[in-house]
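# Understanding the architecture of this molecule
Spelled out from the first residue to the last, the chains are:
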Amino acid sequence: MKQLRRNFLKLSGGAGAMAVAAAAGLLKAGSAWAAPWNKSAFESKAVADVQKSLGAATLIESKEITITAPDIAENGATVPVAVTSKIPNTQSISIIAENNPFPLAASFDIMPGGDSYVSTRIKMGKTSDVRAIVKADGKFYTAAKEVKVTVGGCG
Amino acid sequence: MADPMKIRATLQGDTADVRILMRHPMETGTRKTSSGVVPLHFIQSVVVQHNGKTVLDAQWSQAISQNPFLGVRVKGAKVGDKISVTWTDNKGDKRTDEVAVSAGS
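The following paragraphs examine the structure supplied in this document.

What counts, and at which threshold
- Residues numbered from 1 in each chain as written.
- Chains lettered and ligands numbered in written order.
- Predicted model: local features only at pLDDT ≥ 70, side-chain atom pairs only at ≥ 80, totals over all residues.
- Heavy atoms only, no water.
- Contact = heavy atoms within 4.5 Å.
- Buried area = accessible area lost by both parts, 1.4 Å probe.
- Salt bridge = Lys/Arg side-chain N within 4 Å of Asp/Glu carboxyl O.
- Polar contact = N/O pair within 3.5 Å; in protein donor to acceptor, adjacent residues only side chain to side chain.
- Helix = DSSP H or I, 4+ residues; strand = E, 2+ residues; numbered from the N terminus.
- Nonpolar A, V, L, I, M, F, W, Y, C, P; charged D, E, K, R; others polar.
- Pairing = 2+ DSSP bridges.
- Buried < 20%, exposed > 50% of the residue type's maximum accessible area, 1.4 Å probe, protein only.
- Core = buried A, V, L, I, M, F, W, Y, C linked by side-chain atoms within 4.5 Å.
- Phe/Tyr/Trp six-rings, centres within 6.5 Å; stacked < 30°, edge-to-face > 60°.
- Lys NZ or Arg CZ within 6 Å of the ring centre and 35° of its normal.
- 1 Å grid on protein atoms, 1.4 Å probe; cavity = no way out; pocket = protein on both sides within 12 Å on 5 of 7 lines; lining within 4 Å.
- Points joined across faces, edges and corners; volume = space filled by probe spheres on them.

## Thoughts on the interface of chain B and chain A
You'll often see interface size given as the accessible area lost when the parts meet. Opposite the 38 residues of chain B that make contact, chain A presents 39 residues. Surface buried jointly by chain B and chain A totals about 3,300 Å² across both partners, of which 52% is contributed by carbon and sulfur atoms. Applying the counting rule to chain B against chain A returns zero salt bridges. For the interface between chain B and chain A, the tally reads 19 residue pairs in polar contact (both at pLDDT 80 or more). Breaking the side of chain B that touches chain A down by element, the ones donating at least two residues are β5 (43-50), β6 (53-60) and β7 (69-75) of chain B. Counting residues per element, the side of chain B that touches chain A draws most heavily on β6(B), at eight residues. Classifying every residue of the side of chain B that touches chain A gives 15 nonpolar, 14 polar and nine charged. As defined by bridge partners, strand β6 (residues 104-110) of chain A adjoins β6(B) across five bridges and the pair is classed as antiparallel. Paired with Ser107(A) across the two strands is Gln59(B), which belongs to β6(B).

Structure representation (structure tokens):
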């Protein structure tokens, strides 16, 4: 098993190794350096369940979190969202589109050396709050911004 | 093999502003075509490394847009430092690209 995994890493995406790895159920070999995908959080259909899966029992509303997103998004397929956290020791930033079928869009773990800023583009089915949950020093902080969507992007 | 990423890393003060554009269909698993539903196919994990040290470990869902954009900032960077980005999708496909930090304007 170990040998196989080494080959897999060495070839880093070679089609042959991929097939072998997949057959051996080693699809997660890539997680040698990446955190395992948080299945329960990403498959939650309610914001409360996402919050629970992230381990956030209580959320503290914070003005130290800035969400940069348009007030009105004409195309729900690409809504630019940037989150900046000024809370010291920010460990992770999660982006949630509350009315999406699966609300959790992305979760970013920030390591020492990384700045507590992420920017990306998400899909939004309809108008909803975009919520950021920031984990810092084991506590969870949150902020939200409403984005109006004129054409949904989850078709 | 997946298409290469476009990565730009420019130094601003002591922070590298990294902009990444990946090429990926990011299928939600709900889109229908004449031949049926397009299966779920999306990037699950993105790791950004600065000189071999992980600075950002992201987990994504299918709600990230097609051909995803990611912007991050790396503290304590210098011109010539290596920034590498690796993504892995739910089919096990992956892609790594590397770029050197360039001086900002």
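## Some words on the sheet that holds strand β10 (residues 102-103) of chain B
The seven strands lie next to each other as β2(A)-β4(A)-β7(A)-β7(B)-β2(B)-β1(B)-β10(B), forming an open sheet whose pairing is mixed. In the strand order of this sheet, the two ends are held by β2 (65-68) of chain A together with β10 of chain B, each with one partner. Where β2(A) lies against strand β4 (residues 79-85) of chain A, four bridges are found, and the strand directions are antiparallel. Note that in β4(A) the partner of Thr66(A) across the bridge is Thr84(A).

## Some remarks on the environment of Leu54(A)
Residue and element names in this part refer to chain A. Looking at the element boundaries, leucine 54 is found in the loop between α4 (47-53) and β1 (60-61). You can call leucine 54 buried: its relative accessible area is 19%. In this structure leucine 54 touches Asn38, Ala41, Ser94, Leu104, Ile133 and Phe140, once residues within four positions along its chain are discounted.

## Quick look at the nonpolar core
One recurring pattern in soluble globular proteins is that nonpolar side chains are buried together. Trp60(B) and Leu70(B) are the most contacted members of the largest nonpolar core, which totals 64 residues. With residues near it in sequence (within four places) discarded, Leu70(B) still touches Phe108(A), Ser119(A), Val18(B), Arg19(B), Ile20(B), Met22(B), Val46(B), Val48(B), Leu56(B) and Trp60(B).

## Quick word on the pattern of salt bridges
Going through the model one piece at a time under the given rule, you end up with nine salt bridges over all chains. The salt bridge partner of Glu61(A) is Arg131(A), with a shortest N-O separation of 3.8 Å. One end of the pair, Glu61(A), is in strand β1; the other, Arg131(A), is in strand β8 (residues 128-136), and 70 residues separate them in sequence. A salt bridge links Arg95(B) to Asp97(B); the nearest nitrogen and oxygen atoms lie 2.9 Å apart. Given the relative accessible area of 16%, Arg95(B) is considered buried. For Asp97(B), a relative accessible area of 15% corresponds to the buried category. Each of the salt bridges in this network shares a partner with another, and the network as a whole consists of Glu61(A), Glu98(A) and Arg131(A).

## Some remarks on the packing of aromatic side chains
Any pair of aromatic rings gets described here by the distance separating the centres and the angle formed by the planes. Under the definition given, this model contains two aromatic pairs over all chains. Ring geometry for Trp37(A) versus Phe42(B): centroids 5.7 Å apart, planes at 55 degrees, classification tilted. Placement of the pair is Trp37(A) in the loop between α2 (15-23) and α3 (39-42) and Phe42(B) in the loop between β4 (36-37) and β5, with the two residues belonging to separate chains. The exposure class assigned to Trp37(A) is buried, which follows from its relative accessible area of 18%. Taken together, Trp37(A), Phe42(A) and Phe42(B) form an aromatic cluster joined through their ring pairs. The aromatic ring of Tyr117(A) is capped on one face by Arg73(B), whose charged end is 3.7 Å from the ring centroid.

## Some details on empty space enclosed by the protein
To find the voids left in a structure, one rolls a probe of water-molecule size over its atoms. Across all of its chains, the model carries one cavity of 30 Å³ or more by this definition. Estimates place the volume of the largest cavity at around 30 Å³. As for the largest cavity, its lining consists of Gly114(A), Asp115(A), Tyr117(A), Val55(B), Leu56(B), Val72(B) and Arg73(B). Of all the secondary structure elements, the ones that give two or more residues to the lining of the largest cavity are β7 (114-122) of chain A together with β6 and β7 of chain B. Among the elements that take part in the lining of the largest cavity, β7(A) stands out by supplying three residues, more than any other.

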